[in-house]
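Notes for the structure review
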Amino acid sequence: MGKENFKLIANNKKARHDYFLEENYECGICLHGTEVKSLRMGKCSIKEAFVHIENGEVILYGMHISPYEKGNIFNRDPLRPKKLLLHKREILKLQGRIKEKGYTIVPVQVYLKGSLVKVQISLAKGKKLYDKRQDIAKKDAKREAEREFKVRNL
């Protein structure tokens, strides 16, 4: 991804904490006019969002897009399910993988790429409690090492 024409709207930090992210997919999203305007202003949350595949279509549930202030009657329900746009072979591949035990699909990022709104979804496997503890311990050790390195180089 190029740095130009890329603007991050929402990031799901909790997904990286709760899951091992294996494969990333960039997909489009079906939105209405006022939803796009609200996204351009950065009014979006994907913390509780999840993805299901139904009838060969990928649907994103729980993504909250705040109503556009000047949208009046054209505003849609902030939590309505949104269809994600992927190629048929990608959908079939994802469908096969989530049938395996422990796999799910989680939204990781929502961003503007040029004038288009894109959603990055990941095939993810759930972490156990001890995996989360190991990640926290690694992060603490790294932070401590950086702190000591900083003190020595003063």
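Residues numbered from 1 in each chain as written. Predicted model: local features only at pLDDT ≥ 70, side-chain atom pairs only at ≥ 80, totals over all residues. Heavy atoms only, no water.

Looking at an unreviewed UniProt entry, one finds the protein chain named SsrA-binding protein and attributed to Eubacterium plexicaudatum ASF492. Quoted verbatim from the Sequence similarities (unreviewed entry) heading of the UniProt record, the comment on the protein chain is "Belongs to the SmpB family." (UniProt positions renumbered as here; feature names shortened; annotations may be inferred.)

Remarks on the overall build of the protein chain
For the protein chain, the helix and strand inventory stands at four helices and nine strands. With the C-alpha coordinates aligned to their principal axes, the bounding extent of the protein chain is approximately 60 × 40 × 25 Å. A total of 154 residues make up the protein chain; the buried ones form 34% of that total. Pairs at least 24 residues apart make up 68% of the contacts formed inside the protein chain by residues separated by at least 6 positions. (Helix = DSSP H or I, 4+ residues; strand = E, 2+ residues; numbered from the N terminus. Buried < 20%, exposed > 50% of the residue type's maximum accessible area, 1.4 Å probe, protein only. Contact = heavy atoms within 4.5 Å.)

Overview of the pairing of strand β8 (residues 103-113)
Within β8, nine of the 11 residues are buried, which leaves the element mostly enclosed by the surrounding structure. The pairing of β8 with strand β9 (residues 116-126) spans 10 bridges and is antiparallel. In the sheet register, Thr104 faces β9, and the bridge partner there is Ala124. Linkage of β8 to β9, two consecutive antiparallel strands, is achieved through a turn of two residues, within which Gly114 is found at a positive phi near 70°. (Pairing = 2+ DSSP bridges.)

Points about the sheet that holds strand β7 (residues 82-85)
Read from one edge to the other, the open sheet built from seven strands follows the order β1-β8-β9-β2-β7-β5-β4, with strand pairing classed as antiparallel. Two strands in the sheet have a free side with no partner beyond their single neighbour: β1 (6-11) and β4 (50-54). Between one strand axis and the next, the sheet turns through 40° on average, direction left out of account. In the sheet, strand β2 (residues 19-29) pairs with β7 via two bridges, with the strands oriented antiparallel. Its bridge partner lying in β7, Gly28 is registered against Leu85. Packing of helix α3 (residues 88-98) onto the sheet brings it into contact with β2, β4, β5 (57-61), β8 and β9, and relative to β2 it is tilted by some 150°. (Axes fitted to C-alpha atoms, helices over the stretch in contact; angles between N-to-C directions.)

Thoughts on the nonpolar core
Within the largest apolar cluster, 28 residues are counted, with the highest numbers of intra-cluster contacts made by Leu39, Met63, Leu84, Val110 and Ile121. Taken together, the elements giving at least two residues each to this core come down to β1, β2, β4, β5, α3, β8 and β9. Aside from chain neighbours lying at most four places away, what touches Met63 is Ile29, Leu39, Cys44, Ser45, Ile46, Ala49, Pro78, Leu79, Lys82 and Val110. (Core = buried A, V, L, I, M, F, W, Y, C linked by side-chain atoms within 4.5 Å.)

Thoughts on helix α2 (residues 33-40)
When α2 is considered as a whole, its buried residues turn out to be Thr34, Glu35, Ser38 and Leu39. In an axial view of α2, the angular spread of the buried residues amounts to 140°, which keeps them on one side of the axis. On the buried face of α2, the contacting elements are β1, β3 (44-45), β6 (64-65), β7, β8 and β9. Following α2 by one or two positions, Gly42 has its phi on the positive side, about 85°. (Arc of directions from axis to C-beta.)

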